[in-house]
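# Structural overview for review
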Amino acid sequence: MADRGVAGALNAERIAEGVLPAVRPQLRRVTVLEQVGSTNTELARLPSAEQHAHALLAEAQSAGRGRGARHWHSPPGGNIYLSLGWRFRALGPDRAALPLVVAVAVSEALAAAGLQGAGIKWPNDILVDARKLAGILVESQGRGAAGVSIIAGVGINVRMNRAGGDAAIGQPWTDLESCLPASRRPVDRNRLAAALLDRLLVAFERFEHAGFSGFRARYEALDLLAGRALSLEDGEREVCGVGGGIDETGRLRLVLPDGGTRAFHAGEVRLHSVAA
Ligand code: BTN
């Protein structure tokens, strides 16, 4: 357990108590560790029955993982590194949209903390002014008689040391406290983690029953790619076009130079800068 005496330190009891009473029964356990390799990996190591509805947070990660086998810079003391295990009894054909659902939940929790102007770069990067604020790594734990298990990992830069960040992150980035008005600082990370869990737990229940249809409009309100010139690298080649929104299963629509449209369920997006 992380030291409860340290001002501002993550605290499992405070996080659990901060979760809305209506949602709390769905949360089985909150664990806060001082340092792990990766919270996703740590949670995945537990027996599957102990992963479900278990939120595992750490003050630091020595081997934080991002999408596409990238490293997630995870220094101690000021950020959120959170993994939530969940077992769905069943998932529909739009199950690939789950990372988008998590991105909507994270964005809405950040907005409730006072953040304005954040949006989602498909599939699930949270950006402010083209700078990365938060990332999401949803990993499947497999399917069994009891259902489909996943671990949703969320990393939020809350209070990042400028000095170490640039070289370690390797892309434009920001942190929550730099984006908030003074009246909203310092950020209480325990409250932020609780607000995040509120939204994730509600979102998972809703996704299981109603699929992506309950999130599509909310995603569209946060979509940073619609109408933007971009290229998508899908592992084989790079396709250029203009963002045409998402379809009903969360695939990215790209309007091609010949006027046709293609939908992609995976890929790395690069935004083209707008000429002045
Ligand atoms: C990305 O943007 O590439 C995804 C980053 C996900 C980082 C979070 S931090 C908590 C969890 N544990 C990890 O090792 N990764 C995720």
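Right, let's walk through the structure included here. (Residues numbered from 1 in each chain as written. Predicted model: local features only at pLDDT ≥ 70, side-chain atom pairs only at ≥ 80, totals over all residues. Heavy atoms only, no water.)

### Some thoughts on helix α7 (residues 189–210)
- For α7, which comprises 22 residues, the first-to-last C-alpha distance of 31 Å matches the rise-based estimate of 32 Å (1.5 Å per residue) to within 8%.
- Structurally, the start of α7 carries an N-cap: the backbone nitrogen of N190 is 3.0 Å from a side-chain oxygen of D188.
- One or two positions beyond α7, positive phi appears at G211, with a value near 70°. (Helix = DSSP H or I, 4+ residues; strand = E, 2+ residues; numbered from the N terminus. Expected span 1.5 Å × (residues − 1). Polar contact = N/O pair within 3.5 Å; in protein donor to acceptor, adjacent residues only side chain to side chain.)

### Points about the site of the ligand
- The environment of the ligand is formed by 20 residues, the closest being S38, Q61, R65, R67 and K132.
- Take R67: an N or O atom from its main chain is 2.7 Å from an oxygen atom of the ligand.
- A distance of 2.5 Å separates an oxygen atom of the ligand from a polar side-chain atom of K132.
- Here the ligand, which alone exposes 410 Å², has 99% of that area covered by the protein.
- Breaking the shell around the ligand down by element, the ones donating at least two residues are α2 (39–44), β3 (80–88), β6 (131–144) and β7 (147–156).
- Considering every element that reaches the shell around the ligand, the biggest residue donor is β6, with four residues.
- In the shell around the ligand, the residues fall into six nonpolar, ten polar and four charged. (Near = heavy atom within 4 Å. Areas by Shrake-Rupley, 256 points an atom, 1.4 Å probe, with all protein chains shown as cover. Nonpolar A, V, L, I, M, F, W, Y, C, P; charged D, E, K, R; others polar.)

### Topic: the sheet that holds strand β11 (residues 261–264)
- Read from one edge of the open sheet, five strands run β11-β10-β9-β8-β12, paired in antiparallel fashion. What marks the edges here is a single partner per strand, and that holds for β11 and β12 (268–271). Ignoring which end each strand starts from, the neighbouring axes of this sheet average 45° apart. (Pairing = 2+ DSSP bridges. Axes fitted to C-alpha atoms, helices over the stretch in contact; angles between N-to-C directions.)

### Topic: the packing of aromatic side chains
- Taken as a whole, this structure holds four aromatic pairs when the rule is applied.
- Seen from their ring centres, W86 and F204 are 5.6 Å apart, and the 45° between their planes marks the pair as tilted. Placement of the pair is W86 in strand β3 and F204 in helix α7, with a sequence separation of 118 residues. Of the two residues examined, W86 and F204, each falls in the buried class.
- Over the aromatic face of F215 sits the side chain of R206, whose NZ or CZ is 5.8 Å from the ring centroid. (Phe/Tyr/Trp six-rings, centres within 6.5 Å; stacked < 30°, edge-to-face > 60°. Buried < 20%, exposed > 50% of the residue type's maximum accessible area, 1.4 Å probe, protein only. Lys NZ or Arg CZ within 6 Å of the ring centre and 35° of its normal.)

### Digging into helix α4 (residues 98–112)
- Taking 1.5 Å of rise per residue, 15 residues should cover 21 Å, and α4 covers 21 Å from first to last C-alpha, within 8% of that figure.
- The element α4 is largely enclosed, with a buried count of twelve among its 15 residues.
- The complete set of buried residues in α4 reads L98, P99, L100, V101, V102, A103, V104, A105, V106, S107, A109 and L110.
- Remark: G114 follows α4 within two positions and exhibits a positive phi of approximately 110°.

What is shown is where atoms sit, not what they do.
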